[in-house]
Amino acid sequence: MRITEKLTVKKQLISFEVFPPKTDSAFDSIERSVRELAAFNPDFMSVTYGAGGGTSKYTVKIASLLKNKLDTTALAHLTCASTTKADITRMLDTLKSENIDNILALRGDLPENFSERQGDYYTYASELVSEIKNYGYFDVGAACYPEGHPESNGLDEDISHLKIKTDCGADFLITQLFYDNEVFFSFMDKIRGRGISVPVFAGIMPITNIKQIDRIISLSGTKLPAEVTAFLSKYRDNPEDLKKAGLDFAVKQISELCENSVEGVHIYTMNKPEVAETILRQFPRC
Ligand SMILES: Cc1cc2nc3c(=O)[nH]c(=O)nc-3n(C[C@H](O)[C@H](O)[C@H](O)COP(=O)(O)OP(=O)(O)OC[C@H]3O[C@@H](n4cnc5c(N)ncnc54)[C@H](O)[C@@H]3O)c2cc1C
């Protein structure tokens, strides 16, 4: 079922994000994780697209596994920063031939040391959204940033660019991770006020280890509520208790979002079935 169809039958969706392998040898273990995650019966599962595009075949393989073997709605990510316009068209043909009918249209980032691009590329995700909509067949989602995209000159400007993406036809949005629900609620008020009316799924990344959260903070400067800073400093040298506190916090965050009528919760599972299990056990569904 398409994501837009799911939205007509359910008020709040729950979805998981997985990343594909980078090599053939890693495929089997990732396939096992994906199968375990799909067994929790989320409304859809999204599969990331490696920066640089070199591993795109694995994105298609995992999305196809979900859709055609595991009877799970699949959302394939697709980035245009490092994929030429001609290769984008070929990718759309491939995804359609695999019956994958939902795409998350992204600009992506050029990997460090990426050699000079040769060929014709889209500059912004909005152009990719338009291209996929013109192609037909697919439901199209796009990314949004409750704290503003790091390259933009502030949230207001970023929301103007987001409006271009939805005007180009994005059917739904998935947010960048955030830990402060007030940031999300304020973002929702702002975008609704600016005429962006498509469903928005809240991206939740449960904190499971200190390296991961240190990296997130250094890359994006995500705002952390006092409760999170407190357990991070308390359990910095205690991985088990840190993971437990991180998962408890994610459950609390999701509960509050669902009580406040969020249209969907998208869990960045990092291919860890135990993360999804812990969250769903304590808090079965939105
Ligand atoms: C839910 C989610 C999933 C993701 N999945 C992946 C993935 O699978 N693979 C991957 O490599 N990356 C992924 N990313 C990361 C994403 O590719 C980066 O954040 C990237 O820097 C921006 O992508 P975008 O699609 O938001 O770009 P855009 O919407 O194009 O925005 C990029 C920047 O350009 C600005 N901008 C947009 N339009 C205009 C315009 N017309 N004029 C001037 N400025 C403009 C925006 O304000 C923003 O600062 C994901 C991000 C999210 C939130």
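If you're wondering where the values come from, they're calculated on a predicted model, not measured in any experiment. Throughout, residues of each chain are indexed from 1 in the direction in which the sequence is written. For this predicted model, a pLDDT threshold of at least 70 governs which residues receive local features, and a threshold of 80 or more governs which side-chain atom pairs are given and counted, while totals over whole chains, interfaces and linings are taken from all residues. To get the side-chain values, take all heavy atoms of the structure and skip hydrogens and water.

Attention shifts here to the site of the ligand. We call a residue near a molecule or strand whenever a single non-hydrogen atom of that residue lies within 4 Å of it. Around the ligand, 24 residues are found, and the nearest of them are Asp109, Tyr145, Asp158, His161 and Lys165. Any N or O atom pair separated by 3.5 Å or less is treated as a polar contact, with the protein-specific requirement of one donor-capable and one acceptor-capable atom, and with residues adjacent in sequence counted only for side-chain atom pairs. Take Tyr145: an N or O atom from its side chain is 2.7 Å from an oxygen atom of the ligand. To measure how exposed things are, a 1.4 Å probe is used in the Shrake-Rupley method; for residues, cover is taken only from the protein chains shown. Its free accessible area being 980 Å², the ligand has 85% of it covered by the protein chains. Helix and strand definitions here come from DSSP, where helices need a minimum of 4 consecutive H or I residues and strands a minimum of 2 consecutive E residues; each element is numbered from the N-terminal end. Counting residues per element, the ones that place at least two in the shell around the ligand are strand E3 (74-79), strand E4 (102-106) and helix H6 (155-167). Ranked by residues supplied to the shell around the ligand, first place goes to H6 with four residues. Just so you know the grouping, Ala, Val, Leu, Ile, Met, Phe, Trp, Tyr, Cys and Pro go in nonpolar, Asp, Glu, Lys and Arg go in charged, and all remaining residues, Gly too, go in polar. Taken together, the residues of the shell around the ligand break down into eleven nonpolar, eight polar and five charged.

Geometrically, a packed helix pair is captured by the angle between its two axes and the distance between the axes. Interhelical geometry of helix H7 (residues 181-193) versus helix H10 (residues 239-259) gives an angle of 30° and a closest axis separation of 11 Å. Overall, the two elements H7 and H10 adopt an arrangement that is roughly parallel. Viewed along their axes, H7 and H10 form a crossing whose handedness is right-handed. Across the interface between the two elements, Asn181, Phe184 and Phe185 of H7 pack against Gln253, Glu256 and Leu257 of H10. Residue composition of the contact of H7 with H10, grouped by class: three nonpolar, two polar and one charged. Only the stretch in contact is used when a helix axis is fitted, and all axes are lines through C-alpha atoms; the angle between N-to-C directions ranges over 0 to 180 degrees. Note on terminology: angles under 35 degrees are roughly parallel, angles over 145 are roughly antiparallel, angles of 65 to 115 are roughly perpendicular, and the others are oblique. Left-handed describes a crossing whose near helix is turned anticlockwise from the far helix through less than a right angle; right-handed describes the clockwise counterpart. What makes two residues a contact is simply this: any of their non-hydrogen atoms within 4.5 Å.

Turning our eyes to something else, we now look at helix H2 (residues 27-38). Helix length check: H2 (twelve residues) gives 16 Å between terminal C-alpha atoms against 16 Å at 1.5 Å per residue, within 8%. Note on classification: 1.4 Å probe, protein chains only; a residue is buried when its accessible area is under 20% of the maximum for its type, exposed when over 50%, partly exposed between these limits. Of all the positions in H2, only Phe27, Ile30, Glu31, Ser33, Val34, Leu37 and Ala38 are classed as buried. Burial along H2 is one-sided: seen end-on, the buried residues are contained in an arc of 160°. Of the surrounding secondary structure, the elements contacted by the buried residues of H2 are strand E1 (13-18), strand E2 (44-47), helix H3 (56-69) and helix H11 (273-282). What a helix is expected to span follows from its residue count: subtract one and scale by 1.5 Å. Note: the arc covers the axis-to-C-beta directions of the helix.

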